[in-house]
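Working through the structure, step by step
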Amino acid sequence: IGYREGDTPRHYAIIRQYDTDKMDDTFILRNVKTYNEAIESNDDGEDVSGMAHIEEISTFTDELPDYFVAYTFSRYPELLTDATLTTIMKSTTQSSDILLNICKKIARCFKVLHGLEQPIYHRMLTYESIALCNRMDRGQGWAPSVINFDFTKFENNDEQGTVIDQWRHKMSVI
């Protein structure tokens, strides 16, 4: 997690590094493709609420050994962990309401993604795929953002949707 000075309201980022020599191009580029598809398919052309803003830090080429993407936030993001949940639980007597609101916000994000003209399915929702930003000082509670769209499936045109699909495809060619 890093901090960036600049004109943009998003100052914090979780940086993700991919080794281009060890991974399939389709798989590597999935985060940015998912974000762009969600923006293009969303009726208002804006970020999908509850989905992290995703930016390429480096341009993908086969010549470079690494490719970087950033999930950017306006507040310091914390990855969802048992420790984060424990902190939330100890911070207030209304912790069950806070946790329920986090779940509702994540569910709304997936409702939008699944309801797009070309549905987008995350398919790997884990602790590592949710970042939380504390907005309690604004009365907004904890704001979850879904990240790590590596296993995303696009309903209409994703023939090699997962690592297993890619492996099966390679095995069928052999």
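Refer to the structure above for everything that follows.
All of the points below concern the structure found in this document. (Residues numbered from 1 in each chain as written. Predicted model: local features only at pLDDT ≥ 70, side-chain atom pairs only at ≥ 80, totals over all residues. Heavy atoms only, no water.)

1. Side note on the sheet that holds strand 5 (residues 77-79)
Put simply, the rule reads: Only strands that DSSP links by at least two bridges are regarded as paired with each other. Numbering of helices and strands runs from the N terminus; a helix is a DSSP stretch of H or I covering at least four residues, while a strand is a stretch of E covering at least two. Working convention: axes come from line fits to C-alpha atoms, limited for helices to the stretch in contact. Angles between N-to-C directions cover 0 to 180 degrees. Only heavy atoms matter for contacts: two residues are in contact if any of them lie within 4.5 Å across the pair.
Ordered in space as 5-7-8, the 3 strands form an open sheet in which the pairing is antiparallel. The open sheet is flanked by strand 5 and strand 8 (141-146), the only strands paired with a single partner. For this sheet, the mean angle separating the axes of adjacent strands, direction not counted, is 35°. In terms of strand pairing, strand 7 (residues 130-135) meets strand 8 through 6 bridges, oriented antiparallel. Each bridged residue has a counterpart across the sheet, and for R135 the counterpart in strand 8 is G141. Running at roughly 35° to strand 8, helix 4 (residues 95-115) makes contact with strand 7 and strand 8 of the sheet.

2. Regarding a negative patch on the surface
The following threshold applies: Patch rule: a residue counts if its relative accessible area is over 30% and it has no salt bridge; like charges are joined within 9 Å, and nonpolar side chains (Val, Leu, Ile, Met, Phe, Trp, Tyr) within 5 Å. Methods summary: accessible areas were calculated by the Shrake-Rupley approach with a probe of 1.4 Å, and residue burial reflects only the protein chains presented. Any Lys or Arg side-chain nitrogen found within 4 Å of a carboxyl oxygen on Asp or Glu counts as a salt bridge. Only four residue types enter the charge count: Lys and Arg as positive, Asp and Glu as negative, with His and the chain ends excluded. Throughout, a charge is located at the NZ atom of Lys, the CZ atom of Arg, the CG atom of Asp or the CD atom of Glu.
Negative charge collects at one region of the surface, where D21, D25, D62 and E63 lie side by side. Note on placement: E63 falls in the loop between strand 3 (53-56) and strand 4 (66-73).

What is shown is where atoms sit, not what they do.
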